[in-house]
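# Fold and geometry: a report
Residue strings, one per chain:
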Amino acid sequence: MTYTFDFGAVLDRAPELLWASFGTLALSLAGMLLALVIGILGVVARTSKSRIASTPVIVFVEVVRNTPFLVQIFFIYFALPLMGIRLNPTVTAIIALGINGGAYAIEIIRGGVESVSRGQIEAGFALGLHKADVFRLIVLKPALRAIYPSLTSQFIMLTLTTSVCTSIAAYELTSAAQRIESDTFRSFEVYFTVTAIYLVISTLMMGLFALISRHYFNYPTR
Amino acid sequence: MGPIGENEFFFLMQGLKWTVLLAIVGFIGGGIFGILIALLRTSKKKVARTITAGYIGVFQGTPLLMQLFVVYYGVALLGVEVNAGIAVAIAFTLHASAFLGEIWRGSIEAVPKGQTEAANALGLHYVSRMKDVILPQALKISLPATIGFLVQLIKGTSLAAIVGFIELTRAGQIISNQTYRPLLVFGIVAAIYFIICWPLSHAGSGLEKRMAKAAR
């Protein structure tokens, strides 16, 4: 093996990688928020008694969860302009991430809502709690606690998925890596470094989510 | 705009062949290494547990696309001439081994402790205890999650398109560029993925519900 590693060529572009990391974080955050909104609205429609509201949500969830994100992002990228909507690639990426994450969020949140038993709510009223307090303390908080682990790991998945947004040239880490690669030809070094950055990002997120969980959900269940 | 004729459809089917092949190779290769990872992850040796935990953590904490790039260019650095397909297959095998290893670790630990104790009491040694007592039960427990991961893997093979390997998604991209009918082409491509993945997802969640009912 005669190859000599040259990480210097990559380190020279450190500021660019730093900014692109913020791009990845911003993309992830925006994607998560949109996914959460779609998730909550989706659950309201999915659990409604009207078939007209619940059927489209079921179809949406099944289609999104059984097709690759790359195909979804291509489809959206080409479909939006045909609908007369012109957006820059990063905004398009946020929409694609939100739609993809939203489908998973619907299933996760629905599980949480269904986990709160009727008896608990009745017990809350029997204790003389206000309607708002019953919702906040007996429905919302336990439901949030129940879905928190799956929802946050889904968020980390979404963050890792943002790398696929390079395929439509959104502003994030992987597209920066591809730019640096084509300038320096140091393919392995570039991708190795960027992989390490992703690992740092996802590890930090995991730590942050665990911290939040310990702070908000540290009451005994039984 | 060009028409989507027989030739285009045939090209997509060629791509589909590679998608299926890549998923099968990744799943089988990942399965073989995955069992090894799961066994090491649940072994009594602390070194083995730590190393495999790190291995799993790295693969679960980085994007699959980056794993493809690193392995793709990493293999080239080793000085061996391999084609894109083999490099990508190696990447999917490593990726699958980490995820399956973690799923199966969970299932091995979910087998009641009494089973291990009973096997020990009967004088079974490690290999027989694992092969005949623990793993068959763990396999059953892991089935829904394993099928769920298979669906993830099939969808994940689409990322090989970004590395330049011509599987279903890349074939769709090429046809789309030739015919200028992106929505129709990617609609067909999505439908093909759906036809493969949906029955699997359905079987997985059906199994999960049945097992949850049986456990009650």
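Cut-offs applied
Residues numbered from 1 in each chain as written. Chains lettered and ligands numbered in written order. Predicted model: local features only at pLDDT ≥ 70, side-chain atom pairs only at ≥ 80, totals over all residues. Contact = placed C-beta atoms within 7 Å. Helix = DSSP H or I, 4+ residues; strand = E, 2+ residues; numbered from the N terminus. Nonpolar A, V, L, I, M, F, W, Y, C, P; charged D, E, K, R; others polar. Axes fitted to C-alpha atoms, helices over the stretch in contact; angles between N-to-C directions. Left-handed = near helix turned anticlockwise from the far one by under 90°. Buried ≥ 20, exposed ≤ 12 C-beta atoms within 10 Å, placed from the backbone. Expected span 1.5 Å × (residues − 1). Bend = angle between axes of the 7 residues up to and from the residue. Parallel < 35°, antiparallel > 145°, perpendicular 65-115°, else oblique.

## Some points on the interface of chain A and chain B
It is common to give the size of an interface as the accessible area that goes away when the parts come together. Listed per partner, the contact involves 30 residues of chain A and 30 residues of chain B. Listing elements by their share of the side of chain A that touches chain B, those giving two or more residues are α3 (51–65), α4 (69–82) and α9 (187–216) of chain A. Examining the composition of the side of chain A that touches chain B, we find that ten residues originate from one element, α9 of chain A, more than from any other. In the side of chain A that touches chain B, the residues fall into 19 nonpolar, nine polar and two charged.

## Quick notes on the packing of α9 of chain A against helix α3 (residues 64–77) of chain B
Relative to each other, α9 of chain A and α3 of chain B sit at 145°, their axes nearing to 9 Å. Crossing of α9 of chain A against α3 of chain B: the hand is left-handed. Together, Ser187, Phe188, Tyr191, Phe192, Val194, Thr195 and Tyr198 of chain A of α9 of chain A and Met66, Phe69, Val70, Tyr73, Gly74 and Leu77 of chain B of α3 of chain B make up the contact between the two elements. Residue composition of the contact of α9 of chain A with α3 of chain B, by class: ten nonpolar, three polar and no charged.

## Quick look at the environment of Leu40 of chain B
All names here are of chain B. Relative to the elements of secondary structure, Leu40 occurs in helix α1 (residues 6–41). Residue Leu40 is classed as partly exposed on the basis of its 19 C-beta neighbours within 10 Å. Along the primary structure Leu40 and Thr52 are separated by twelve residues, whereas in three dimensions their C-alpha atoms are 6.8 Å apart. Residue contacts for Leu40: discarding those within four places in its chain leaves Ala48 and Thr52.

## Quick notes on helix α9 (residues 182–215) of chain B
Taking 1.5 Å as the rise per residue, α9 of chain B with 34 residues should run 50 Å; its terminal C-alpha atoms sit 47 Å apart, in good agreement. The sharpest bend along α9 of chain B measures roughly 30° and falls at Cys197 of chain B, with the proline Pro199 of chain B sitting one to four residues further on. Burial in α9 of chain B covers these residues: Pro182, Val185, Phe186, Val189, Ala190, Ile192, Tyr193 and Cys197 of chain B. The secondary structure elements touched by the buried residues of α9 of chain B are α4 of chain A together with α1, α6 (126–156) and α8 (168–179) of chain B.

## So, the packing of helix α4 (residues 84–110) of chain B against α6 of chain B
All names here are of chain B. Running from amino to carboxyl end, α4 crosses α6 at an angle of 140°, the nearest separation of the two axes being 8 Å. Viewed along their axes, α4 and α6 adopt a mutual orientation that is oblique. As α4 packs across α6, the resulting crossing turns out to be right-handed. Taking contact as the criterion, the partners of Phe92, Ala96, Phe99, Leu100, Ile103, Trp104, Ser107, Ile108 and Ala110 in α4 are, on α6, Ile134, Ala138, Ile141, Ser142, Ala145, Thr146, Phe149 and Leu153. Class assignment of the residues belonging to the contact of α4 with α6 gives a composition of 14 nonpolar, three polar and no charged.

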